[in-house]
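Summary of the model geometry
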Amino acid sequence: MAELADRLRSGQLTTVLDVRWRLSGPPGRDDYYAGHLPGAVFVDLDRDLCGPPGAGGRHPLPHPEALEGALRAAGVRDGGPVVVYDAGDGMAAARAWWTLRWAGHADVRVLDGGFAAWTAAGGEVTDKPTEVTRGDVTVVPGGLPVLDAAGAAALAADGVLLDARVAPRFRGETEPIDAVAGHIPGARNLPYGELVAADGTLRADLADVFADLGDGPVGAYCGSGVTAAHTVLALHAAGRTDAALYVGSWSHWITDPSRPIGRG
């Protein structure tokens with residue numbers, strides 16, 4: 001956080017993306033106009049960083065050309081540093097981080113604790129929209145590993161597939177969002193809340209949290225690939241940069257009734 005504050009004060013070229021987002025409720029853009037980090041540009045997670053919901057799930061991969069246009073409109077430059085932040089829980093920021101890394105942009109960081117941590121530390125806030133100089137980033141998909149349904153099933157059987165949803169959803173006892181309750185058979189439940197401290201920042205002992213995963217392949221999924229992106233971010237922080245994301249996640253898995261459903 002101090003490093004970002006220094007960069008902003010010194011005028012070092014850093015693209016700051018505000019990706020505040022809610023699964024339901026008022027859009028994050030309203031929060032941006034109420035107050036944001038100096039120089040930040042609002043990017044809509046649903047519209048700009050994901051494809052349209054449908055057969056691919058609720059938050060599928062965006063079309064590369066559409067993503068490239070959105071990132072250029074936000075001022076992202078080829079090779080230029082990018083910092084992403086959300087309200088504070090890290091999920092939307094993690095999905096933004098993951099999407100840019102998947103798109104081939106290597107220098108992306110998440111502001112741990114997001115807007116809440118920034119303001120708690122006395123960071124400067126403005127309500128003036130940022131004048132954007134259009135960027136020139138080129139999207140090259142494949143920067144991070146992606147799982148499809150078959151790959152997720154194989155990983156659950158032969159590696160470690162982490163389900164980031166809360167335990168009752170994993171067990172199939174409740175499903176407030178998707179049409180079918182349950183989980184991918186063989187998956188292991190590791191709820192998002194077990195990876196963060198009380199303030200929403202990443203736990204400092206993530207290497208210990210993931211110590212029992214072994215050296216085999218590992219991946220993550222959730223309801224629609226947002227919370228699980230945070231799991232992948234946490235795995236990266238613990239040194240598991242090979243971690244894969246099932247982007248379609250449960251919302252895609254259940255589109256094929258022939259796929260098995262685990263419960264309990």
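Reading guide: rules and limits
- Residues numbered from 1 in each chain as written.
- Predicted model: local features only at pLDDT ≥ 70, side-chain atom pairs only at ≥ 80, totals over all residues.
- Heavy atoms only, no water.
- Salt bridge = Lys/Arg side-chain N within 4 Å of Asp/Glu carboxyl O.
- Buried < 20%, exposed > 50% of the residue type's maximum accessible area, 1.4 Å probe, protein only.
- Pairing = 2+ DSSP bridges.
- Helix = DSSP H or I, 4+ residues; strand = E, 2+ residues; numbered from the N terminus.
- Axes fitted to C-alpha atoms, helices over the stretch in contact; angles between N-to-C directions.
- Contact = heavy atoms within 4.5 Å.

Under an unreviewed UniProt entry, the name given to the protein is Sulfurtransferase, and the organism recorded is Catellatospora citrea.

Proximity of charged atoms lets side chains of opposite charge pair with each other. Tallied over the full model, the rule gives 13 salt bridges. Residue R169 pairs with E175 through a salt bridge whose shortest N-O separation is 2.9 Å. Comparing R169 with E175 shows no difference in burial state: the two are buried. With relative accessibility at 12%, the residue R169 sits in the buried group. Each member of the salt-bridge network shares a partner with another, and the members are R58, D163, R165, R169, E175 and D178.

Before going further, it helps to examine the sheet that holds strand 2 (residues 40-42). In spatial order, the strands read 2-1-3-4; together these four strands make up an open sheet with parallel pairing. Strands at the two margins of the open sheet, each flanked by one partner only, are strand 2 and strand 4 (108-110). Ignoring strand direction, the axes of neighbouring strands in this sheet form an average angle of 30 degrees. Along the sheet face, helix 5 (residues 91-102) touches strand 1 (15-18), strand 3 (82-85) and strand 4 and points at about 170 degrees away from the line of strand 4.

The next subject is the environment of M91. Along the polypeptide, M91 turns up in helix 5. Put simply, M91 and G200 are 109 residues apart on the chain and 9.6 Å apart in space, counted from C-alpha to C-alpha. Sequence-distant contacts of M91, that is, excluding residues within four places in its chain, are made with D86, Y192, V226, T227 and H230.

Moving on, we get to helix 10 (residues 227-237). Because an α-helix packs 3.6 residues into every turn, residues spaced three or four apart end up facing the same way. Within helix 10, nine of the eleven residues are buried, which leaves it mostly tucked inside the rest of the structure. Residues A228, A229, H230, T231, V232, L233, A234, L235 and H236 constitute the buried set of helix 10. For helix 10, the secondary structure elements touched by its buried residues are helix 5, strand 4, strand 6 (160-163), helix 9 (206-209), strand 8 (218-221) and strand 9 (244-246). In the segment just after helix 10, G239 is the residue with positive phi, at about 100 degrees.

Pairing is parallel across the open sheet formed by five strands, whose spatial order is 5-9-8-6-7. Two strands in the sheet have a free side with no partner beyond their single neighbour: strand 5 (146-147) and strand 7 (188-189). Note: strand 6 against strand 8, four bridges, orientation parallel. Looking across to strand 8, one finds that V160 is bridged to V218. This element, helix 10, spans strand 6, strand 8 and strand 9 of the sheet and lies at about 150 degrees to strand 8.

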